[in-house]
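Given next are the chains, with one letter for each unit.
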Amino acid sequence: MIREWMSIVNHQEIASQTYLLELQGEISSLVKRPGQFVHIQVSSQYFLRRPVSIADVSPVKGTITLLYKVMGDGTEALTNKRIGDKLDIVGPGGNGFPVEQKEGEEALLIGGGIGIPPLYYLAKQLTARGVKVNSVLGYRSKADLFYVEEFKALGSVQLTTNDGSAGKQGFVTDALPSLANIDQYYTCGPSIMLKNVKKKLDGLPGYISIEERMGCGIGACFACVLETTESCGKGYVRVCSDGPVFRPEEVVLS
Ligand code: FES
């Protein structure tokens, strides 16, 4: 993990209040796994850095792509940054999704809202290994859809929206495909969604990525601790440094 001023080479709104931010710099060459994140200092006015997961990496351009949603003043201020500006970034942080499945296996990727972006880089890595990828993507409404075509280019996609304005009305757990051929699942999204996915896919090997409000992002402040299960036996883990990816049987989801 390093700190560097990365250059903005692309920045555009791609869905309602959802932005694509492409940054060029050395951090792009340090990303080891999908599911890792960077910590952005929007400006000196905002003391806390914002954690944003990495949605894609281009070794050719030396860039990482982030997809973020405007959630408050800090991310609102981020939307004003222009191509050519530089951003103070720390990263890549955390341990991402292991990409260990073998050619011919099948994966189920389940993402909700702003939990979807890290699954895109994961889908690319899995398909590159010859793994068949099935994605279930949940959004609030049609105006919030992003990266649907990009996921479709990598495998099958089931869509859900809360209001039914696109895809199936309901939640991701209402649109799961047949699990008969699925070898492993990977999920990222709000904790209530993760809890439901964990329950529904009980018994299937998987990985969950936890979206948690972070402070330091480097394991020092304990703002992101999560209780572990008895069988895990660790007592607690820090989402930022031990995660954000865990086995579902390791952590207690609230
Ligand atoms: Fe500080 Fe995780 S955010 S320990």
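Before reading further, recall that the structure is shown in the block above.
All of these numbers come straight from a predicted model, not from anything done at the bench. (Residues numbered from 1 in each chain as written. Predicted model: local features only at pLDDT ≥ 70, side-chain atom pairs only at ≥ 80, totals over all residues. Heavy atoms only, no water.)

Bringing the overall build of the chain into the picture now. Scanning the chain for helices and strands turns up four helices and 15 strands. The C-alpha atoms of the chain give 17 Å as radius of gyration, which agrees with the globular expectation for 254 residues (18 Å, within 12%). Once the C-alpha set of the chain is aligned to its principal axes, its extents read approximately 50 × 40 × 35 Å. Buried positions account for 54% of the 254 residues belonging to the chain. Carbon and sulfur atoms make up 49% of the accessible area of the chain, which totals about 11600 Å². Positive and negative side-chain charges of the chain, numbering 26 and 27 respectively, have mean locations separated by a distance of 1 Å. (Helix = DSSP H or I, 4+ residues; strand = E, 2+ residues; numbered from the N terminus. Rg over C-alpha atoms; globule rule 2.2 N^0.38 Å. Buried < 20%, exposed > 50% of the residue type's maximum accessible area, 1.4 Å probe, protein only. Areas by Shrake-Rupley, 256 points an atom, 1.4 Å probe, with all protein chains shown as cover. Lys, Arg positive; Asp, Glu negative; His and termini not counted. Charge placed at Lys NZ, Arg CZ, Asp CG, Glu CD.)

A few words now on the nonpolar core. Core analysis: the largest hydrophobic core is formed by 28 residues, its most contacted members being Leu109, Leu119, Leu122, Leu126, Phe151 and Tyr186. Contributing elements (two or more residues each) for this core: β7 (106-112), α2 (117-128), β8 (132-139), α3 (148-152), β9 (155-161) and β11 (184-189). Of all the elements, α2 adds the most residues to this core, at five residues. Apart from residues lying up to four places away in sequence, Leu109 is in contact with Leu119, Leu122, Ala123, Leu126, Val133, Asn134, Ser135, Val136 and Tyr186. In this structure, Ala175, Ile210, Val237 and Cys240 belong to the second largest nonpolar core, which totals 25 residues. (Core = buried A, V, L, I, M, F, W, Y, C linked by side-chain atoms within 4.5 Å. Contact = heavy atoms within 4.5 Å.)

A cluster of nonpolar side chains, contributed by Phe222, Val225 and Tyr236, occupies part of the molecular surface with about 260 Å² of accessible area. Assignment of secondary structure puts Phe222 in the loop between β12 (206-210) and β13 (225-227). (Patch = residues over 30% accessible without salt bridge, like charges linked within 9 Å, V, L, I, M, F, W, Y side chains within 5 Å. Salt bridge = Lys/Arg side-chain N within 4 Å of Asp/Glu carboxyl O.)

Mapped onto the fold, Asn10 is located in strand β1 (residues 2-15). Within the local environment of Asn10, its side chain forms a polar contact with the side chain of Gln12, the two groups lying 3.2 Å apart. When near neighbours in sequence (up to four residues on either side) are disregarded, Asn10 contacts Leu20, Leu21, Glu22 and Ile83. (Polar contact = N/O pair within 3.5 Å; in protein donor to acceptor, adjacent residues only side chain to side chain.)

Quick look at the pattern of salt bridges now. Counted under the stated rule, the structure contains nine salt bridges. Asp144 is the salt-bridge partner of Arg140, the closest N and O atoms lying 3.8 Å from each other. Residue Arg140 is classed as exposed on the basis of its relative accessible area, which comes to 52%. Judged by relative accessible area, which is 7%, Asp144 ranks as buried. Salt-bridge contacts for Asp242 lead to Arg238; the nearest nitrogen and oxygen are separated by 3.7 Å. Several salt bridges share partner residues, and in doing so they unite Arg3, Arg49 and Asp88 into one network.

Take the sheet that holds strand β5 (residues 63-69) next. What holds strands together in a sheet is hydrogen bonding between their backbones, with the strands either parallel or antiparallel. With respect to topology, six strands assemble into a closed barrel ordered β1-β2-β5-β4-β3-β6, the strand pairing being antiparallel. For this sheet, the mean angle separating the axes of adjacent strands, direction not counted, is 45°. Taken together, the seven bridges between β1 and strand β2 (residues 18-24) define a ladder with antiparallel strand orientation. Each bridged residue has a counterpart across the sheet, and for Gln12 the counterpart in β2 is Leu20. Taken strand by strand, α2 contacts β4 (50-58) and β5, and its axis lies near 25° from that of β4. (Pairing = 2+ DSSP bridges. Axes fitted to C-alpha atoms, helices over the stretch in contact; angles between N-to-C directions.)

By themselves, these are just geometric observations and shouldn't be taken as functional.
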